[in-house]
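Per-entry structural report
Spelled out from the first residue to the last, the chains are:
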Amino acid sequence: MSTPVAERLTSLVAALRAHGIRVGTGETVDAAQAMAALGLADRELLREGLAATLLHGTAQRPVFDPVFDLYFPSRVGAPESGPADRDELRDRLAAALAANDEAMMARLAIEAVDGFGGYGSSPGSVGWSSYQTLDRIRPQTLLARVRADVRARGGSPGFADRLLDDEIRRRIEAFRALVATEARRRVAERRDRDELARRAVRPTADRVDFLFAGRDQLAELRRTVQPLARKLATRLAARRRRAARGTIDLRRTLRGSLSTGGVPMKPVLRRRRPARPELVLLCDVSGSVSGFSDFTMLLVQALHDQFSKVRVFAFVNRIDEVTALLEHGAADAAELAARIQSEAALTGYHGSSDYGMALGEFAERHADAIGPRTTVFVLGDARTNMSDPNLAAVRQISERARRVYWLNPEQHSQWGTGDSAAPEYAELVEMHECRNVRQLGALVGRLLPI
């Protein structure tokens, strides 16, 4: 394998790792062997070979495919072509359109951009333009010639003239799209591919911000709840086993060491009484924050067996308990938000979120939910719509609970801007930025009590 191609492979692996795809040394070596066996002539075959050796599942393809296109554009490994002849290329394009030869159209798109799409005053400043390419080739003017070729070949005898023209226009548009794709790949060749790979490639589901996730992305996130819960449950169980061993009982250890000349051969540990903690969630389910709250509620419910008691409360400007809607194993992820909105009393005289009112109502009506073994998680962006943040209620909750953590789906730099009361709340309770599933998994694994 040549050095430039090897560098492309290692850069591809680095970009995949930056997007959260775990690629080890073994997978990289396998990919290099696959490249040596497959070669560069058939780009789609190379794509599938690298995907088979580097990826761990089809869910990673939406990240892999655009990154592959950046590091392995169509011309990588292809021989340099001479000056293009416009009329000859148009003749071949007309024949390919008449035969609906998609493979030939793809090759002609590469030749067209290579021969007519470049611009710039020096080799170092050459760019690539699909508009310039299509303006010189003018494939739309081939309609009459292609129609005549199709008729002469006796193809599509059942087509009326208008239907045949529509079909030819579709083929021409497909060719135009191929030219645009090739021009974008050439631009990626000239620019910093690593920067494009970081910024222009859609992130994996676990890196998508909760606040900006669309409906399809939220549905994909819900499918990750159970695998993430199993991983976190294993981690919590291991922490609990380690904690159950207790710390060293210095007095008893020194007493036991008298029989060995003062050398503590057998440390004596303080035994901890196993007692599973209690968990309370206070979830803002208004607006874009609802996706974050829904996912976290489902995740905690999937971890239900790790706690002696779990109670969940949802709020907008009023608060209501929704634990019954999240009964173990019975929560419908797709319909959870709609059920909470329809069956719980979450709003009063207006529909905007009001943290002060909701937290005050919780401290007044549901204080019995909190005890010395209770850890409280507040989920929300702390935007009060200019209302009173009711810091006294938060202080009361933190005094009664064992721990209080606030998970904020907004970027830390946005805290305190506009109507955000995050800095005020952060002075009373421990607040953490939690923008995506990756951050949530790390925080839950670290903060959940044992």
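Everything numeric here is computed off the predicted structure, so don't read it as measured data.

On the surface, Arg 251, Arg 252, Arg 255 and Arg 270 cluster together into a patch of positive charge. Structurally, Arg 251 can be placed in helix α13 (residues 250-256). Accessibility expressed as a relative area gives 53% for Arg 251, which makes it exposed.

Okay, the side chain of Arg 383 next. Here Arg 383 shows up in the loop between β6 (374-379) and α17 (391-400). Here Glu 410 takes part through its side chain, which lies 2.7 Å from a polar atom of the side chain of Arg 383. Polar contacts involving the side chain of Arg 383 include one to the side chain of Asp 419, which spans 2.8 Å. Other than its neighbours up to four places away in sequence, Arg 383 contacts Ser 353, Tyr 355, Glu 410, Gln 414, Thr 417, Gly 418, Asp 419 and Ser 420.

Another aspect to go through is helix α8 (residues 143-153). Turning to α8, its buried residues number three or more, namely Leu 143, Val 146 and Val 150. For α8, the angular spread of buried residues about the axis comes to 70 degrees, placing them on one side.

So, on to the sheet that holds β6. Backbone-to-backbone hydrogen bonds join strands into a sheet, with any given pair of strands oriented parallel or antiparallel. Ordered by their spatial adjacency, six strands build an open sheet running β5-β4-β3-β6-β7-β8, and the pairing between neighbours is mixed. For this open sheet the edge positions go to β5 (319-321) and β8 (430-433), each flanked by a neighbour on one side alone. Taken over all neighbouring pairs, the strand axes of this sheet differ in orientation by 20 degrees on average, direction set aside. Looking at chain direction, β6 and strand β7 (residues 403-408) are connected through five bridges and run parallel. Paired with Leu 379 across the bridge in β7 is Leu 407. Where helix α19 (residues 437-447) meets the sheet, it contacts β6, β7 and β8, and its direction lies at approximately 150 degrees from that of β8.

This part takes up the nonpolar core. Counting 48 residues, the largest nonpolar core has Leu 281, Met 297, Ile 340, Phe 377 and Leu 407 as the members making the most contacts within it. In terms of residues, this core owes the most to one element, helix α14 (residues 289-302), which gives seven residues. The contact partners of Ile 340, leaving out residues within four places of it in the chain, are Val 285, Met 297, Ala 314, Val 322, Leu 325 and Leu 346. In this structure, Val 394, Trp 406, Trp 415 and Met 431 belong to the second largest nonpolar core, which totals 27 residues.

With that settled, the discussion passes to the pattern of salt bridges. Within this structure, the stated rule accounts for 21 salt bridges. With its nearest N and O atoms 3.8 Å apart, the salt bridge here joins Arg 318 to Glu 361. Separated by 43 residues along the polypeptide, Arg 318 in the loop between β4 (309-315) and β5 and Glu 361 in helix α16 (residues 355-365) bring together distant segments of the chain. Across the pair Glu 433 and Arg 435 runs a salt bridge, and its minimum N-O distance is 3.9 Å. Judged by relative accessible area, which is 23%, Glu 433 ranks as partly exposed. Because the salt bridges share partners, they merge into one network encompassing Arg 43, Glu 44, Arg 47, Glu 48, Arg 61 and Asp 65.

Across the chain, the average pLDDT comes to 82, with 84% of residues at or above 70. The spread of mean pLDDT over the elements of the chain runs between helix α10 (residues 193-199), the lowest at 63, and helix α18 (residues 422-426), the highest at 95. Counted against residues more than four places away or in other chains, residues 121-125, with its pLDDT under 50, gives three contacts.

Time to look at helix α11 (residues 215-222). Inspection of α11 places Gln 217, Leu 218 and Leu 221 among the buried residues, and these make up the whole buried set. Mapping the buried residues of α11 onto a view down its axis gives an arc of 100 degrees, with all of them on the same face. Looking at α11, the residues exposed on the side facing more than 90 degrees away from the buried face are Arg 215 and Asp 216.

Take the layout of surface pockets next. Empty space within the largest pocket amounts to approximately 910 Å³. The wall of the largest pocket is formed by 29 residues, among which Gly 20, Arg 22, Asp 206, Thr 224 and Arg 438 lie closest to the centre. It is helix α12 (residues 225-244) that contributes the most residues to the lining of the largest pocket, five residues altogether. When its residues are assigned to classes, the lining of the largest pocket shows 12 nonpolar, nine polar and eight charged.

Following the criterion strictly, the structure yields 10 aromatic pairs and no others. A centroid spacing of 5.8 Å and a plane angle of 45 degrees characterise the contact between Phe 210 and Phe 295, whose relative ring orientation is tilted. A residue pair is termed long-range when its members are at least 10 positions apart, and Phe 210 in the loop between α10 and α11 and Phe 295 in helix α14 qualify at 85 residues. Both residues of the pair, Phe 210 and Phe 295, count as buried. Here Trp 406 and Tyr 425 contribute two aromatic rings whose centre-to-centre distance is 4.6 Å and whose plane-to-plane angle is 25 degrees, an arrangement assigned as stacked. Separated by 19 residues along the polypeptide, Trp 406 in strand β7 and Tyr 425 in helix α18 bring together distant segments of the chain.

At their nearest, the axes of helix α2 (residues 25-38) and helix α3 (residues 43-54) sit 8 Å apart, and the two run at 160 degrees to each other. By the criterion of interaxial angle, the relationship of α2 to α3 is roughly antiparallel. Note on packing geometry: the crossing formed by α2 with α3 is right-handed. Where α2 approaches α3, its residues Glu 27, Thr 28, Asp 30, Ala 31, Ala 34, Met 35 and Leu 38 are matched on the opposing element by Leu 45, Leu 46, Gly 49, Leu 50, Thr 53 and Leu 54. Of the residues belonging to the contact of α2 with α3, the class tally is eight nonpolar, three polar and two charged.

Attention shifts here to the environment of Leu 281. Within the fold, Leu 281 resides in strand β3 (residues 278-284). The class of Leu 281 is buried, set by a relative accessible area of 1%. Between the alpha carbons of Leu 281 and Val 376 there is a distance of 5.9 Å; along the sequence they are 95 residues apart. Apart from residues lying up to four places away in sequence, Leu 281 is in contact with Thr 296, Met 297, Val 300, Arg 311, Val 312, Phe 313, Phe 377 and Leu 379.

Here is what the cut-offs are and how they apply
- Residues numbered from 1 in each chain as written.
- Predicted model: local features only at pLDDT ≥ 70, side-chain atom pairs only at ≥ 80, totals over all residues.
- Heavy atoms only, no water.
- Patch = residues over 30% accessible without salt bridge, like charges linked within 9 Å, V, L, I, M, F, W, Y side chains within 5 Å.
- Areas by Shrake-Rupley, 256 points an atom, 1.4 Å probe, with all protein chains shown as cover.
- Salt bridge = Lys/Arg side-chain N within 4 Å of Asp/Glu carboxyl O.
- Lys, Arg positive; Asp, Glu negative; His and termini not counted.
- Charge placed at Lys NZ, Arg CZ, Asp CG, Glu CD.
- Helix = DSSP H or I, 4+ residues; strand = E, 2+ residues; numbered from the N terminus.
- Buried < 20%, exposed > 50% of the residue type's maximum accessible area, 1.4 Å probe, protein only.
- Polar contact = N/O pair within 3.5 Å; in protein donor to acceptor, adjacent residues only side chain to side chain.
- Contact = heavy atoms within 4.5 Å.
- Arc of directions from axis to C-beta.
- Pairing = 2+ DSSP bridges.
- Axes fitted to C-alpha atoms, helices over the stretch in contact; angles between N-to-C directions.
- Core = buried A, V, L, I, M, F, W, Y, C linked by side-chain atoms within 4.5 Å.
- pLDDT = per-residue confidence, 0-100.
- 1 Å grid on protein atoms, 1.4 Å probe; cavity = no way out; pocket = protein on both sides within 12 Å on 5 of 7 lines; lining within 4 Å.
- Points joined across faces, edges and corners; volume = space filled by probe spheres on them.
- Nonpolar A, V, L, I, M, F, W, Y, C, P; charged D, E, K, R; others polar.
- Phe/Tyr/Trp six-rings, centres within 6.5 Å; stacked < 30°, edge-to-face > 60°.
- Parallel < 35°, antiparallel > 145°, perpendicular 65-115°, else oblique.
- Left-handed = near helix turned anticlockwise from the far one by under 90°.

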